[in-house]
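So you can see what is in the structure, the chains are spelled out below.
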Amino acid sequence: MLRRIDIITLFPEWFDSVKTLGLTGRAIDQGQVELKCWNPRDFTDDPHRSVDDRPYGGGPGMVMRPEPLALAIEAAQANGAASAVTYLSPQGQLLDQAGIQALSKRSQWLLLCGRYEGIDERLIEALVDEELSIGDYVLSGGEPAAWVVMDAAIRLLPGVLGHPESAEQDSFSAGRLDHPHYTRPSTWRGRAVPPALVSGDHGLIEQWRAQIAAERTKARRPDLWARPAASDPEASDVPPPAPKHDL
Ligand code: 9D3
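Residues numbered from 1 in each chain as written. Predicted model: local features only at pLDDT ≥ 70, side-chain atom pairs only at ≥ 80, totals over all residues. Heavy atoms only, no water.

Topic: the domain arrangement of the protein chain
Here comes step 1: Assigned domains within the protein chain: domain 1 (3–154) and domain 2 (169–225).
Here comes step 2: The straight-line distance from the C-alpha centre of domain 1 to that of domain 2 is 38 Å. (Domains from an automatic or database assignment.)

Here it is in structure tokens:
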């Protein structure tokens, strides 16, 4: 179970809101998870406190210098951070809900956030244990990826979510889109709530929800539909691809 997260970042202020707001803020406030940031800039020795430099071989942008990163990582580890370093990078293994579940079972994380064009490859060779990506789109740095991974994992911790069954449901519905939700009034701007939901027949309600969820998944996410949820016999007419997760 996740107890402590250390983050190597040039922008610790990016994590102020994570520490105070919403679900992650509450978990940190209640002491379930401890979050510490380490700024490589505090581990520079030159008067300009420089953390980046021009790339060998030329090209646009800057590269993060290895030594301030190494010193920040080693300071975190000397303070009790995880020994394994997780580098958030577009070159990393793509995370999904199963990956988040595996990560949430670890007691500590040491996350490395990159900026600029990336970090010196030798730092990765020497000190990084795994590389993770949150998706095939371009971020300006690792910090927003760290938010995403923390939010997704912290909500799985026991007692963080008010209602534990919803976290459990996630594991069954990971390969399935959610059904639609409705609240009062029963008619809003001429639109009525689907009759099944006000029927009082719980069997009918479950059946309706499952059917709409299945239809939506087929129409909107055929890639998910082709990967049957273990609990779903409806999707088993499609061959299961080998799931791979070494997290
Ligand atoms: C425009 C720069 N790109 C040149 C081809 C390379 C590049 C460098 C640095 C692209 C993105 C980044 C910063 N991204 C992250 O640090 C990052 C990330 C991401 O961009 N997408 C998905 N997951 C992640 S995890 C960290």
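Notes on the pattern of salt bridges
Here comes step 1: Inspection of every chain in the model, using the stated rule, returns 8 salt bridges.
Here comes step 2: A salt bridge links R4 to D6, with the shortest nitrogen-to-oxygen separation between them at 2.7 Å.
Here comes step 3: Between R106 and E130 there is a salt bridge, with its nearest N and O atoms 2.6 Å apart. Taken together, the residues span a long stretch of sequence, with R106 in the loop between α4 (97–104) and β6 (108–113) and E130 in strand β7 (residues 130–133) at a distance of 24 residues.
Here comes step 4: What makes R106 partly exposed here is its relative accessible area of 27%.
Here comes step 5: A relative accessible area of 18% means that E130 is categorised as buried. (Salt bridge = Lys/Arg side-chain N within 4 Å of Asp/Glu carboxyl O. Helix = DSSP H or I, 4+ residues; strand = E, 2+ residues; numbered from the N terminus. Buried < 20%, exposed > 50% of the residue type's maximum accessible area, 1.4 Å probe, protein only.)

Some remarks on α4
Here comes step 1: Listed as buried for α4 are G99, I100, A102, L103 and S104.
Here comes step 2: Check the buried side of α4 and you find it contacts β6, β7 and α6 (143–154).
Here comes step 3: Where α4 begins, the capping side chain belongs to D96, and its oxygen is found 3.2 Å from the backbone nitrogen of A98. (Contact = heavy atoms within 4.5 Å. Polar contact = N/O pair within 3.5 Å; in protein donor to acceptor, adjacent residues only side chain to side chain.)

What to know about the site of the ligand
Here comes step 1: Taken together, 16 residues sit near the ligand, with I134, G135, Y137, L139 and G141 positioned nearest.
Here comes step 2: A distance of 3.5 Å is found between an oxygen atom of the ligand and a backbone nitrogen or oxygen belonging to G141.
Here comes step 3: G142 has a polar backbone atom sitting 3.1 Å from an oxygen atom of the ligand.
Here comes step 4: When the ligand sits alone it has 580 Å² of accessible area, and the protein chains cover 71% of it.
Here comes step 5: At the level of elements, β5 (85–94) and β7 are the ones that each hand at least two residues to the shell around the ligand.
Here comes step 6: Sort the elements by how many residues they give to the shell around the ligand and β5 lands first, with 3 residues.
Here comes step 7: Residues that form the shell around the ligand fall into these classes: 9 nonpolar, 6 polar and 1 charged. (Near = heavy atom within 4 Å. Areas by Shrake-Rupley, 256 points an atom, 1.4 Å probe, with all protein chains shown as cover. Nonpolar A, V, L, I, M, F, W, Y, C, P; charged D, E, K, R; others polar.)

Brief notes about the environment of A76
Here comes step 1: Within the fold, A76 resides in helix α3 (residues 66–78).
Here comes step 2: Each C-alpha atom, one on A76 and one on I8, is 8.4 Å from the other, the two residues being 68 residues apart in sequence.
Here comes step 3: Leave out the neighbours within four places in its chain, and A76 touches R4, D6, I8, W38, A81 and L110.

Considerations on the pairing of β5
Here comes step 1: The pairing of β5 with β6 spans 4 bridges and is parallel. Pairing of L88 across the sheet is with C113, part of β6.
Here comes step 2: In terms of strand pairing, β5 meets β7 through 5 bridges, oriented parallel. Along β7, the bridge assignment pairs Q93 with L132. (Pairing = 2+ DSSP bridges.)

Some words on the sheet that holds β5
Here comes step 1: Strand order across the open sheet formed by 5 strands is β2-β1-β6-β5-β7, with parallel pairing between neighbours. With partners counted over all chains shown, the strands left at the sheet margins are β2 (34–38) and β7, one partner each. Ignoring which end each strand starts from, the neighbouring axes of this sheet average 35° apart.
Here comes step 2: α3 contacts β1 (4–8), β2, β5 and β6 of the sheet and is inclined by roughly 165° relative to β1. (Axes fitted to C-alpha atoms, helices over the stretch in contact; angles between N-to-C directions.)

Observations regarding the environment of S199
Here comes step 1: Residue placement: S199 occurs in the loop between β9 (191–192) and α8 (202–220).
Here comes step 2: If we skip the residues at most four places from it in the chain, S199 touches L204 and I205.
Here comes step 3: A polar side-chain atom of S199 sits 3.1 Å from the main-chain amide nitrogen of D201.

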